[in-house]
Each structure stands twice: as structure tokens, then as C-alpha cells.
Amino acid sequence: ENGFAEFIDNDRDGKYEIVNVKSYQTMVVESINADKGIITNKLDFEGVLKTLLLDVEGGSIEYSIEKGEENISLKNIRNGDVLNVAMSKSAVDDVCRIIVSSEECELMVNNVDLLEKEIFDGEKTYYLSTDFIKHLENKGEEIKVGNVYQFKIDSFGKIVYSSKG
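Below: a short report on this structure. Everything numeric here is computed off the predicted structure, so don't read it as measured data.

## Focus on the overall build of the protein chain
Thinking step 1. Within the protein chain, the secondary structure is distributed over one helix and 15 strands.
Thinking step 2. Split into buried and exposed, the 165 residues of the protein chain put 35% on the buried side.
Thinking step 3. As displayed, the protein chain offers around 9,900 Å² of accessible surface, 45% of which is attributable to carbon and sulfur atoms.

Below is the structure:
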């Protein structure tokens, strides 16, 4: 759902030699131990990245953490932050890119359309991440029209988590 593919033609023969695919998994930080590089996820459904283990002492995982235009450290990540995490699938090295968002909004829901993955507050349409919908389904929860919610928004502008306002 979140990511992109880059096709590279190294020798300019019209055929792609390399395909670089970046696919991001979503985490809402439940807890973080910056000294050990352990982050746990509030989202809960089958296939979710439940725990992120960054080898901060051994250095076997090369990682970068970005928030806005800045590079930050693990110590700058807070409980409740939204992380979009891309991990390499390489057998040679492990590389991890983490994009952090602390964006939130509180709104009263006027309309919910899960097929289109969107909610409307009377003024603006907000898009729901697939992970958020899976999390709601797994918990047996739903977003109800007329209720006020505090929503967390990822770095791609999609709603990924909610709590009642």
C-alpha cells in the first residue's frame, strides 16, 4: 500500500537490470527501548510487524530515522509516534529506513466508507490505511458516525490509529 518501485537500466540497452522496491510497514509505537533498539507496535493483526529489533550494539543492521526533513535518533521516538518502516530483503546486508510522524487530528466523523478507505468530517476527506482497517477488524471495532476520535496520521497522510476523543 505504501511504497514505490524504481526500475534501473544500468547499461542503457532498454532492459532493466535492477528493480528496487520499497514497501513500508506501519507501526504505532507502543513502547520503545532506545538503548536496546527495541520498538513494539500497538497495531495488532495477522502479518503486522509487531516488534522491530535494531541491533544498536552489534551494528548488523544499518538504519536511518527521519522526521520531516531531519535525521533523528532512536531517543527522539516517543510512544504513540507513527513509524513507516522499510526493511531490505537482501541476503548480504540489512538496511532499515524509518520515517516518523507525530501528526494527529481530532474530528467528529460524519461519514465512513471502508470500501473507499475514507472518512469525512463534514469539511475534509481523510484516507484510511489498509493496516488501520485490518487492525479495526481484528479488534472487532469500528469507526462510528457522530463520534469524536483522536486519529494518528502516518508520513503518507493516511489515518493509521484511533482513540475516542
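There's plenty left to go through after this.
## Quick notes on the nonpolar core
Thinking step 1. If you look at the biggest cluster of nonpolar residues, it comprises 16 residues, and the most contacted ones within it are I39, L52, I77, L83, V85 and I98.
Thinking step 2. Looking at this core, the elements that each hand over two or more residues are β3 (25-33), β6 (61-67), β8 (82-87) and β9 (94-101).
Thinking step 3. By residue number, the principal contributor to this core is β9, which donates three residues.
Thinking step 4. Residue contacts for L52: discarding those within four places in its chain leaves M27, G37, I38, I39, V85, M87 and I98.
Thinking step 5. With 14 residues, the next largest nonpolar core counts I133, Y149, F151 and I159 among its residues.

## Observations concerning the packing of aromatic side chains
Centre-to-centre distance and the angle between the planes together describe a pair of aromatic rings.
Thinking step 1. Taken as a whole and assessed by the stated rule, the structure comprises two aromatic pairs.
Thinking step 2. Taking 5.5 Å as the distance between ring centres and 35° as the angle between the ring planes, the aromatic pair formed by Y149 and F151 counts as tilted.

## Digging into the pairing of strand β13 (residues 125-128)
Thinking step 1. Of the two faces of β13, only one is covered, namely that formed by Y126 and L128; the face formed by T125 and Y127 stays uncovered.
Thinking step 2. Sheet analysis places strand β12 (residues 118-120) next to β13, joined by three bridges and oriented antiparallel. What sits directly across from F120, in β13, is T125.
Thinking step 3. Where β12 folds back on β13, the antiparallel hairpin that results is connected by four residues, among which G122 adopts a positive phi of roughly 100°.
Thinking step 4. With two bridges connecting them, β13 and strand β15 (residues 158-164) associate as parallel partners. By the bridge assignment for β15, L128 is matched with I159.

## Overview of the side chain of N84
Thinking step 1. Here N84 is to be found in strand β8.
Thinking step 2. A distance of 2.6 Å separates the side chain of N84 from the side chain of S155, its partner in a polar contact.

## Digging into helix α1 (residues 130-139)
Quick reminder: α-helices carry 3.6 residues per turn. Residues three or four places apart thus point the same way.
Thinking step 1. Those residues of α1 that sit buried are D131, F132, I133, H135 and L136.
Thinking step 2. In the core, the buried residues of α1 are packed alongside β3, β13, β14 (148-153) and β15.
Thinking step 3. Residue G140 follows α1 closely and has a positive phi angle near 70°.

## Quick notes on the sheet that holds β12
Thinking step 1. Here we have six strands laid out as an open sheet, ordered β10-β14-β15-β13-β12-β11, and mixed in their pairing. Both outer strands of the open sheet, β10 (104-108) and β11 (111-113), are each paired with one neighbouring strand and no more. With direction set aside, neighbouring strand axes in the sheet form an average angle of 35°.
Thinking step 2. In this sheet, β15 lies alongside β14 in antiparallel orientation, the contact comprising five bridges. When the sheet's bridge partners are listed, K152 is paired in β15 with Y161.
Thinking step 3. Here α1 sits on the sheet in contact with β13, β14 and β15, set at roughly 35° to β15.

Criteria and thresholds
- Residues numbered from 1 in each chain as written.
- Predicted model: local features only at pLDDT ≥ 70, side-chain atom pairs only at ≥ 80, totals over all residues.
- Heavy atoms only, no water.
- Helix = DSSP H or I, 4+ residues; strand = E, 2+ residues; numbered from the N terminus.
- Buried < 20%, exposed > 50% of the residue type's maximum accessible area, 1.4 Å probe, protein only.
- Areas by Shrake-Rupley, 256 points an atom, 1.4 Å probe, with all protein chains shown as cover.
- Core = buried A, V, L, I, M, F, W, Y, C linked by side-chain atoms within 4.5 Å.
- Contact = heavy atoms within 4.5 Å.
- Phe/Tyr/Trp six-rings, centres within 6.5 Å; stacked < 30°, edge-to-face > 60°.
- Pairing = 2+ DSSP bridges.
- Polar contact = N/O pair within 3.5 Å; in protein donor to acceptor, adjacent residues only side chain to side chain.
- Axes fitted to C-alpha atoms, helices over the stretch in contact; angles between N-to-C directions.

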